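Next come the chains, spelled out residue by residue.
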Amino acid sequence: MHEHLEQVLSQISGYVYPNEIELQWGLLVVIYPYITGLVAGAFILASLERIFKVKELEPTYRLSLLAALAFLLVAPLPLLAHLGHPERSFEIFLTPHLRSAMAMFGFVYAWYLMVVLLLEIWFEYRADAVRWSASARGLRKIFLWVFSLGSRDLSEKAVAFDHKAVTTITIIGIPSAFILHGYVGFIFGSVKANPWWSSVLIPIVFLFSAIVSGIALILLLYYVSSLVRLKAPAMPCLDKLASLLFYALIVDLSLETLDFIHRLYESEESIDILAEMIYSKLFLSLTILQVLLGTVVPLVMLAVFRFARLPEELRRVGYFIAAVLVQVGIFSTRWNVVIGGQLFSKSLRGLTIYKIELGGLEGLLTSIGLLILPLLILYVLIKLLPPWQTVKVS
C-alpha cells in the first residue's frame, strides 16, 4: 500500500488535495458514455432510411436496430458495476428524484428500451416472424411464436399498419436518442467548478460524436457480417455510409474545436495547468489517438477513398480501416472527458494521475468483457432475427 502511494505521489505535479490522489470515476465510467453513444448513433442512422428515405442504407436498417438494442442492453452495466450495489438500482423508480439528471436516466433508459427499440423491432419483424415460424422447428419455432405474440395476420391492412407504426415510433425515437446521450454531456457540462467540463457545447459535442461512432459501428458490422456470409457488401451502401461518416466527422471536429477554444477562453486563470495536462498527461490519448489517428487520418482516408476513382475492393478496405480508427478516436474522446476532467486539482494548481488496474471490478479485463458482451448479444439477435432476410408478404 505504501509503495503504491509513493509511486502515485512521485507522478503528481503541482499542488493537489489529499482526496484527489485517486480518481473517483474510472474506466467503467468511460465505457458508459461510449456505449450509449453507439446506441444513439446506430438508431439515428436507422432513421435516415426509414424517415428520410435514404435507400442506399436499406441493407443496414435492421442491422442498426439490432445493434442499438444489443448495446442498449449492456449500457447500464458499467454504471451498476461502478456503483457497487446494482440491487439498489430499482430504487430510482420507487423513489424518483425528478431534479437529478442521473436518476432520470433510469426513466429515459426504460422509455427508450421498451417504447422505442423493442416496439419498433417488433413491428418491423412481426410479418417476417409469422412467415419464418411456418417452416421453423424446435426452439426457434417457439421463439418466433412468442416473439409474434401469437399473431398470424398477414393481410395487406395489417402489414401496412406495421409500416406506419414503425415510421411513427422512429419519429418519436429520434428526439429520444438525443435525450439518451445528450443528458450525459449535460452532466459534465453543468459542473462549473471544473474548467475541463464546464462548457455549454459539451451536450452537442456528445451528440455529434455519438452519430459519428454509430455510423462507424454499422459500417464495421455490415462489412464484417457480409464477409462472414461470403457476400460482397453493397458498394452504394458503403459509399453512402462513408460519405455520412466523412461529413459527420467534419461537423464533430468543428464542434470540438469550438468547445476547446471556449474552454480555454473561460479558464484563463488555469491556462498553464491546462497546457501542462494536454502536453503531458493527455498527450497520447488526446493529441495522438483522438486528434491525429481518430480524426485527421480517417478524414483524409475517407476523402481519398470516397471521392477518388479507386477499385471497389480498395475502397472497402479503406472504409473499414477508417471506421476502426474513428472508434479509437471516439473512445479516446470519452476517456479524455471523463479521466481528463478528473486529473485537475480543485486548486487549479496541480495534476494527479490515473492508473488502470488489470483485474478487479473496475479493471481492464472487466471493461473489455463489457465491450465484447454487446457483440455476443448482437450475434444471438442476428441468429434469431436475421437482419438481411426480408419476406415478401403476398
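For the structure itself, look to the data block above.
Keep in mind it's a predicted model, so treat the numbers as computed, not measured.

With that out of the way, let us pick up the overall build of the chain. The number of helices and strands found in the chain is 14 helices and two strands. Counting over 394 residues, the chain shows a buried share of 51%. Restricting to contacts in the chain with at least 6 residues of sequence separation, those with at least 24 account for 80%. Total accessible area on the chain is roughly 19,200 Å²; 69% of this is exposed by carbon and sulfur atoms.

The calculated volume of the largest pocket comes to roughly 820 Å³. As for the largest pocket, its lining consists of 32 residues, and the residues nearest its centre are Leu-27, Phe-331, Ser-332, Trp-335 and Leu-371. Counting only elements with at least two residues in the lining of the largest pocket, the list comes to α2 (27–50), α9 (202–228), α12 (283–307), α13 (312–342) and α14 (364–384). Ranked by residue count, the leading element in the lining of the largest pocket is α13, at seven residues. Its residues assigned to classes, the lining of the largest pocket comprises 25 nonpolar, five polar and two charged.

This brings us to the nonpolar core. Counting 109 residues, the largest nonpolar core has Tyr-112 and Trp-196 as its most contacted members. It is α2 that provides the largest number of residues to this core, a total of 16 residues. Here Tyr-112 is in contact with Val-39, Phe-43, Leu-72, Leu-117, Gly-173, Ser-176, Ala-177 and Leu-180, once residues within four sequence places are set aside.

In this structure the tally under the stated criterion is one cavity of 30 Å³ or more. What the largest cavity holds in volume is close to 40 Å³. In terms of lining residues, the largest cavity is bounded by Leu-249, Asp-252, Glu-256, Gln-290, Gly-294, Thr-295, Gly-329, Ile-330 and Thr-333. When contributions to the lining of the largest cavity are tallied by element, the ones reaching two or more residues are α10 (235–266), α12 and α13. For the lining of the largest cavity, a count of residues per class yields two nonpolar, five polar and two charged.

Parameters at a glance
Residues numbered from 1 in each chain as written. Predicted model: local features only at pLDDT ≥ 70, side-chain atom pairs only at ≥ 80, totals over all residues. Heavy atoms only, no water. Helix = DSSP H or I, 4+ residues; strand = E, 2+ residues; numbered from the N terminus. Buried < 20%, exposed > 50% of the residue type's maximum accessible area, 1.4 Å probe, protein only. Contact = heavy atoms within 4.5 Å. Areas by Shrake-Rupley, 256 points an atom, 1.4 Å probe, with all protein chains shown as cover. 1 Å grid on protein atoms, 1.4 Å probe; cavity = no way out; pocket = protein on both sides within 12 Å on 5 of 7 lines; lining within 4 Å. Points joined across faces, edges and corners; volume = space filled by probe spheres on them. Nonpolar A, V, L, I, M, F, W, Y, C, P; charged D, E, K, R; others polar. Core = buried A, V, L, I, M, F, W, Y, C linked by side-chain atoms within 4.5 Å.

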